[in-house]
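# Coordinate inspection notes
Okay, here's what each chain looks like letter by letter:
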Amino acid sequence: MIRLLFGRSLSVRLLWLTIAVVLAAEVMVFVPAVTRARHDWLSQHVRDGQIAILAVAIAPGGLVDAQVRESLLRLSGAVSVRLHAPGQPEVSLAPAIAPTTATVVDLRDETAMEGVQRALAALLRSGDALLRVEATSPLLPAATIEIVLNEAALDRDLRDIARDIGAVSVLVALAAGALMYLVLHALLVRPMHRIIGSIVAFRANPERTHPLDPKAVAPLANDEIAAASRELAALQQELREALWRNARLAALGAAVSRASHDLRGILSPALLTAERLQMNEDPRISNAGDALVRAVERATELVRRTLEFAREGPPTLIRAPLELGSVVEEAAEQAHAISPRLRIETAVPAGTRVEADAGELVRVFANLLRNAGEAGAHHATVGAVSDRAGVEVTIADDGPGLPEPVQRALFRPFVTGGRPGGSGLGMAIARDLVRAHGGELTLQRTGPAGTVFRLSIPAVDSGRLVTEARADAKPA
Ligand SMILES: Nc1ncnc2c1ncn2[C@@H]1O[C@H](COP(=O)(O)OP(=O)(O)OP(=O)(O)O)[C@@H](O)[C@H]1O
Ligand SMILES: [Mg+2]
């Protein structure tokens, strides 16, 4: 119970908030009601006094006997009554001994604030002083009526009225407060607890915990809580799938890496034998030896690259200012050695500089240009524009374009267009390297007329930030 009342949870705050709102509502209802009750009480007595004094006013010479006077005063609840009308003698209804009054209230110029203060004061004081009330006559607007009353009677009646109003409004406020608390609890607190519970459980064991069921959190609502739980459920589902995929990929990576290692051992004697066949004098045998050597070399290269990819962590870059043109030239030479038919035009403006890792950047361009050559392009152009934000490079070729299925998963490892010896790692590695520089590699367009890739390398400051962030994220 103590925890419930003094804890810091949402439901405790909500409880206190409800109490505060209910109390504020209570004050807002109670104070005007009591003020109004006092005003009505005084007005009623002024009216009664007016009726009583009317009897005196119509009596011949304004004279009524003492007994009638006393009865009139008792019936009107006043100690004395006086009526002043302009240009007429004062009419008075008073006991034999004139009362002495302490407090004067002039109802004609009483402000709302004074009304509130006097009503609240009446609730708190106790005493039997006399009160003189001055007001406009209810019958003659030009006349003033002055009536002396027992303050104690006003105070007692007001306290009774206040008790009644207070009791009713406390009951209403309690019922409204309880209802408000229950509704807020059902709409807000309970769904939040479910969401938090799901987050905590998921964090502790993401693979085993079922994603949140949004319908169980907010069955009917279509509000922000429902939207948040739907998003959380989708996030958990995607995360779980990614974790499963990663676990399977890791297992696969370990298996491939072991198999590749063994394969290298198996391929070495095959290469040795093929080389011996190459040296045979019989041209048919030596030709077969050539083909065999090429096949074994391709297989060895595939194994080497797969192993390298499996072992490779996030790239660690050694960045230095570079002339982009010379990086492209070096990559073009490598690509040309593999695809001699491919003419590569470097249209990078002289003086285009980037701060990057030279070896890795050459690898990126070599991968892209080699792909163009291997796809059958005859001509490739590398262009660049630079500004303060960095450099934007385009690599365009006139090859046949990417096969449809490859386009959809181009940057995923092991996705290849079926070229013999292709491991499907070139684009995945190229994108990883560009991203490590803080940039991005995208396929801009592809089709029978050729393919264009776009590559951005941001200016050094933003690039360094990304590199450092990635280096920090690198597993120990
Ligand atoms: N410029 C291009 N023109 C046409 N097809 C391309 C081009 N670049 C890439 N591709 C297609 O994308 C596929 C994937 O390329 P990626 O470099 O990732 O793998 P790969 O070249 O098959 O193998 P690896 O580069 O690992 O030896 C290629 O097999 C090819 O079908
Ligand atoms: Mg390739």
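Residues numbered from 1 in each chain as written. Chains lettered and ligands numbered in written order. Predicted model: local features only at pLDDT ≥ 70, side-chain atom pairs only at ≥ 80, totals over all residues.

Take the pairing of strand β8 (residues 353-356) next. It is a general feature of regular strands that their side chains alternate between the two faces of the sheet. Burial along β8 is one-sided: Val354 and Ala356 are buried, while Arg353 and Glu355, pointing the other way, are not. Across four bridges, strand β6 (residues 320-323) lies against β8 in antiparallel orientation. Looking at β8, one finds that Leu322 is bridged to Val354. (Buried ≥ 20, exposed ≤ 12 C-beta atoms within 10 Å, placed from the backbone. Helix = DSSP H or I, 4+ residues; strand = E, 2+ residues; numbered from the N terminus. Pairing = 2+ DSSP bridges.)

Further remarks concern the site of ligand 1. Taken together, the neighbourhood of ligand 1 is formed by 22 residues, with Asn371, Thr416, Gly417, Gly422 and Gly426 sitting nearest. The set of elements that each furnish at least two residues to the shell around ligand 1 consists of α10 (358-375) and α12 (426-436). Take the shell around ligand 1: its biggest share by element is four residues, from α10. Looking at the shell around ligand 1 residue by residue, the classes come out as nine nonpolar, 11 polar and two charged. (Near = placed C-beta within 6 Å. Nonpolar A, V, L, I, M, F, W, Y, C, P; charged D, E, K, R; others polar.)

Positive phi, close to 65 degrees, is recorded for Phe414, a residue that is not glycine. Mapping Phe414 onto the fold places it in the loop between α11 (404-408) and α12. On the basis of neighbour counts, which here come to 14 C-beta atoms within 10 Å, the residue Phe414 falls in the partly exposed class.

Reading across from one edge, β2-β1-β5-β4-β3 is the order of the five strands in this open sheet, with mixed pairing throughout. The two strands at the open ends of the sheet, each matched to only one other strand, are β2 (91-93) and β3 (103-106). Ignoring which end each strand starts from, the neighbouring axes of this sheet average 15 degrees apart. Here β3 pairs with strand β4 (residues 130-136) via four bridges, running parallel. Within the sheet, the bridge partner assigned to Val105 lies in β4 and is Val133. (Axes fitted to C-alpha atoms, helices over the stretch in contact; angles between N-to-C directions.)

Moving on, we get to the sheet that holds strand β9 (residues 379-387). Read across the sheet, five strands follow the order β7-β9-β10-β12-β11 without closing on themselves; strand pairing throughout is mixed. Two strands close off the open sheet at either side, each with one partner strand: β7 (343-347) and β11 (440-447). Across this sheet, the average inter-strand angle for adjacent strands is 15 degrees, counted without regard to direction. Sheet analysis places β11 next to strand β12 (residues 450-458), joined by seven bridges and oriented antiparallel. Bridge pairing in β12 links Thr446 to Thr451. Helix-sheet contacts for helix α9 (residues 324-338) involve β7, β9 and β10 (390-397), and the interaxial angle to β7 is about 175 degrees. Packed on one face of the sheet, α12 meets β11 and β12 and runs near 135 degrees to β11. (Contact = placed C-beta atoms within 7 Å.)

Now for the nonpolar core. If you look at the biggest cluster of nonpolar residues, it comprises 41 residues, and the most contacted ones within it are Ala331, Phe365 and Leu369. Of all the secondary-structure elements, those providing two or more residues to this core are α9, β8, α10, β9, β10, α12 and β12. Residue contributions to this core peak at nine residues, all from α10. Excluding residues within four positions of it along the chain, Phe365 makes contact with Val327, Val328 and Ala331. If you look at the next biggest cluster of nonpolar residues, it comprises 22 residues, including Val34, Val46, Ile53 and Val91. (Core = buried A, V, L, I, M, F, W, Y, C linked by C-beta atoms within 7 Å.)

On to α10. Helix length check: α10, at 18 residues, gives a terminal C-alpha distance of 26 Å against a target of 26 Å (1.5 Å per residue), a fit within 8%. The buried fraction of α10 amounts to 13 of the 18 residues, a majority that puts the element mostly inside the structure. One or two positions beyond α10, positive phi appears at Gly376, with a value near 105 degrees. (Expected span 1.5 Å × (residues − 1).)

This next bit is on the domain arrangement of the chain. Frequently, the measure chosen for interface size is the accessible area that the parts lose on association. On domain assignment, one finds that the chain holds domain 1 (2-179), domain 2 (209-311) and domain 3 (320-473). Here domain 1 and domain 3 have C-alpha centroids that lie 91 Å from each other. (Domains from an automatic or database assignment.)

The next point concerns the environment of Gly87. Here Gly87 lies in the loop between β1 (80-84) and β2. Residue Gly87 is classed as exposed on the basis of its C-beta count, with 5 C-beta atoms lying within 10 Å. The spatial distance from the C-alpha of Gly87 to the C-alpha of Ala143 is 10.0 Å, given a sequence separation of 56 residues.

Where helix α2 (residues 10-58) meets helix α3 (residues 66-76), the closest approach of the two axes is 9 Å, and the angle between their N-to-C directions is 165 degrees. Taken together, the axes of α2 and α3 lie roughly antiparallel to each other. The element α2 and its partner α3 pack so that their crossing is right-handed. For the pair formed by α2 and α3, the contact residues are Asp48, Gly49, Ile51, Ala52 and Ala55 on the first element and Leu72, Leu73, Leu75 and Ser76 on the second. When the residues that make up the contact of α2 with α3 are grouped by side-chain class, the tally is six nonpolar, two polar and one charged. (Parallel < 35°, antiparallel > 145°, perpendicular 65-115°, else oblique. Left-handed = near helix turned anticlockwise from the far one by under 90°.)

Right, let's get into the packing of α10 against α12. Two elements in contact, α10 and α12, have axes separated by 9 Å at closest approach and are oriented at 145 degrees. Relative to α12, α10 is oriented so that their crossing is left-handed. On the side of α10, the interface is formed by Glu360, Arg363, Val364, Asn367, Leu368 and Asn371, while α12 contributes Gly426, Met427, Ile429, Ala430, Leu433 and Val434. Within the contact of α10 with α12, the residues separate by chemical class into seven nonpolar, three polar and two charged.

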